[in-house]
Amino acid sequence: MKHYIVLALILLFIGIIVFALLKIKAYKEIPHVSVLMYHDVFYKKELPSKYTDKRGNITDTCVVSAENFKKQMDFLKANNYHTLTLDEFYDFVINGAKIPPKSVLITFDDGRKSSYINAYPILKENNFNAVMFLVTSKIPNKTAAFNPNKYQRMSKEEINNSKDVFEFASHTHKMHEKESETAYLLLKSLDEIKNDLTESLKLVDKPYFAYPYGRYNKNLFPIIKESGYKMAFATSKGKVRTGDNPYCINRYGIKEKYSMNKFKRFAD
Ligand SMILES: [Zn+2]
């Protein structure tokens, strides 16, 4: 009798494992998209020491070398990845629109000038689409000479010159700030935030938003929607599927230290 119970328990255990594996497999096969997130892209020879350790390895998590970025984009190109536009991505998440099986959404935060100087030509060469989230109160009127040692942002002219690749969306107007380590979006009144987001929307091309520092709470969702935005991007890792909440979209922040294999897993 005892043997039968043990056997039954083993069979039950195996059954549960098989069921779980099939479930995971089925879930993985549901159409999904990865959203990739970048900030600064510098060639190794121009890297300021503030972004590296003593041996010259990049330690700043917001910096990816242009050499690595090029390899990643070449991989996407060679493997027939489709780079979605924001509206294509929205249509997939909200309406379940069909998209090519290998699709990604490439995004950049902050409107950093290095993205224009170094990433834009690589994206253009591959005929890729990408999104740039701008802090709209901080767009320089004049174009300055590129200086990797300075924190520089894309000028109006550079924004206009790169619309063949970038779609410009919002990263707040004046709220990419912190007070005692707390992000403004978690600190300011909902009215203040709404005013800021409304102002920012006038200065971008597309009604999409990315949370500064990836910080948000769910009280912000209706505010962002009422301000006219269709989606908001966070920084939690994970694939995006139809039916996901459009106001906390997952993104993979790409770091210099990631291997090519890790990048491939993220993109897949
Ligand atoms: Zn940012």
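Residues numbered from 1 in each chain as written. Predicted model: local features only at pLDDT ≥ 70, side-chain atom pairs only at ≥ 80, totals over all residues.

Caption draft 1: A look at the overall build of the chain. Tallying secondary structure elements over the chain gives eight helices and 13 strands in all. With respect to the principal axes defined by its C-alpha atoms, the chain has extents near 85 × 45 × 40 Å. Counting every position in the chain, which comprises 268 residues, the buried fraction comes to 38%. Summarising the internal contacts of the chain: among those between residues at least 6 apart in sequence, 66% fall at separations of at least 24. (Helix = DSSP H or I, 4+ residues; strand = E, 2+ residues; numbered from the N terminus. Buried ≥ 20, exposed ≤ 12 C-beta atoms within 10 Å, placed from the backbone. Contact = placed C-beta atoms within 7 Å.)

Caption draft 2: Main features of the domain arrangement of the chain. Domains assigned within the chain are domain 1 (1-30) and domain 2 (31-267). Domain 1 and domain 2 are separated by 42 Å when their C-alpha centres are compared. (Domains from an automatic or database assignment.)

Caption draft 3: The arrangement of the nonpolar core in detail. Ranked by internal contacts, the top residues of the largest apolar core, which has 65 residues, are V35, L36, V104, V131, F209 and A232. Excluding anything up to four places from it in sequence, F209 contacts A169, S170, L197, I224, Y229, A232 and F233. (Core = buried A, V, L, I, M, F, W, Y, C linked by C-beta atoms within 7 Å.)

Caption draft 4: The arrangement of unusual backbone geometry in detail. The residue D110 is not glycine, and still its phi comes out positive at about 85 degrees. Relative to the helices and strands, D110 is located in the loop between β5 (103-109) and α4 (113-125).

Caption draft 5: Region of interest: the packing of helix α2 (residues 66-78) against α4. In contact at an axis separation of 10 Å, α2 and α4 are set at 20 degrees when each is read in the N-to-C sense. Taken as axis vectors, α2 and α4 run roughly parallel relative to one another. Of the two elements, α2 crosses α4, and the hand of that crossing is right-handed. Contacts from A66, F69, K70 and M73 of α2 reach α4 at N118, A119, I122 and L123. (Axes fitted to C-alpha atoms, helices over the stretch in contact; angles between N-to-C directions. Parallel < 35°, antiparallel > 145°, perpendicular 65-115°, else oblique. Left-handed = near helix turned anticlockwise from the far one by under 90°.)

Caption draft 6: Just the packing of α2 against helix α8 (residues 260-267), in detail. The geometry of α2 relative to α8 is characterised by a closest axis approach of 11 Å and an angle of 50 degrees between their N-to-C directions. Relative to α8, the element α2 is oriented oblique. As α2 packs across α8, the resulting crossing turns out to be right-handed. Every residue of α8 that contacts α2 at K71, Q72, F75 and L76 is listed here: M260, F263, K264 and A267. Class assignment of the residues belonging to the contact of α2 with α8 gives a composition of five nonpolar, one polar and two charged. (Nonpolar A, V, L, I, M, F, W, Y, C, P; charged D, E, K, R; others polar.)

Caption draft 7: Molecular detail of the environment of N79. Relative to the elements of secondary structure, N79 occurs in the loop between α2 and β4 (82-83). As for N79 and K102, which are separated by 23 residues in sequence, their C-alpha atoms are 8.4 Å apart.

Caption draft 8: Broad picture of the pairing of β5. The buried count for β5 comes to six of seven residues, which makes it a mostly enclosed element. Pairing between strand β1 (residues 32-38) and β5: five bridges, direction parallel. Following the sheet pairing, Y38 is matched in β5 by F108. Pairing between β4 and β5: two bridges, direction parallel. Bridging from a neighbouring strand, T83 pairs with V104 of β5. Of the pairings in the sheet, the one linking β5 to strand β6 (residues 130-134) comprises three bridges and is parallel in character. The partner of F108 across the bridge, within β6, is M132. Handedness of the crossover joining β5 and β6 through α4: right-handed. (Pairing = 2+ DSSP bridges. Right-handed = clockwise from strand over helix to strand, strands pointing away.)

Caption draft 9: Geometry of helix α1 (residues 2-29). Here α1 spans 41 Å end to end across 28 residues, near enough to the 40 Å set by a 1.5 Å rise per residue. Here α1 lies mainly on the outside; zero of its 28 residues are buried. (Expected span 1.5 Å × (residues − 1).)

Caption draft 10: Quick look at the pairing of β1. Burial runs high along β1: six of the seven residues are buried. Judged from the two bridges that link them, β1 and strand β12 (residues 240-241) form a sheet pairing that is antiparallel. Across the sheet, residue H32 finds its bridge partner in β12, namely R241. Here two bridges tie β1 to strand β13 (residues 252-253), and the two strands are oriented parallel to one another. For L36, the partnering residue across the bridge sits in β13 and is Y252.

Caption draft 11: Layout of the environment of D74. Considering the arrangement of structural elements, one finds D74 in helix α2. What makes D74 partly exposed here is the crowd of 13 C-beta atoms within 10 Å.

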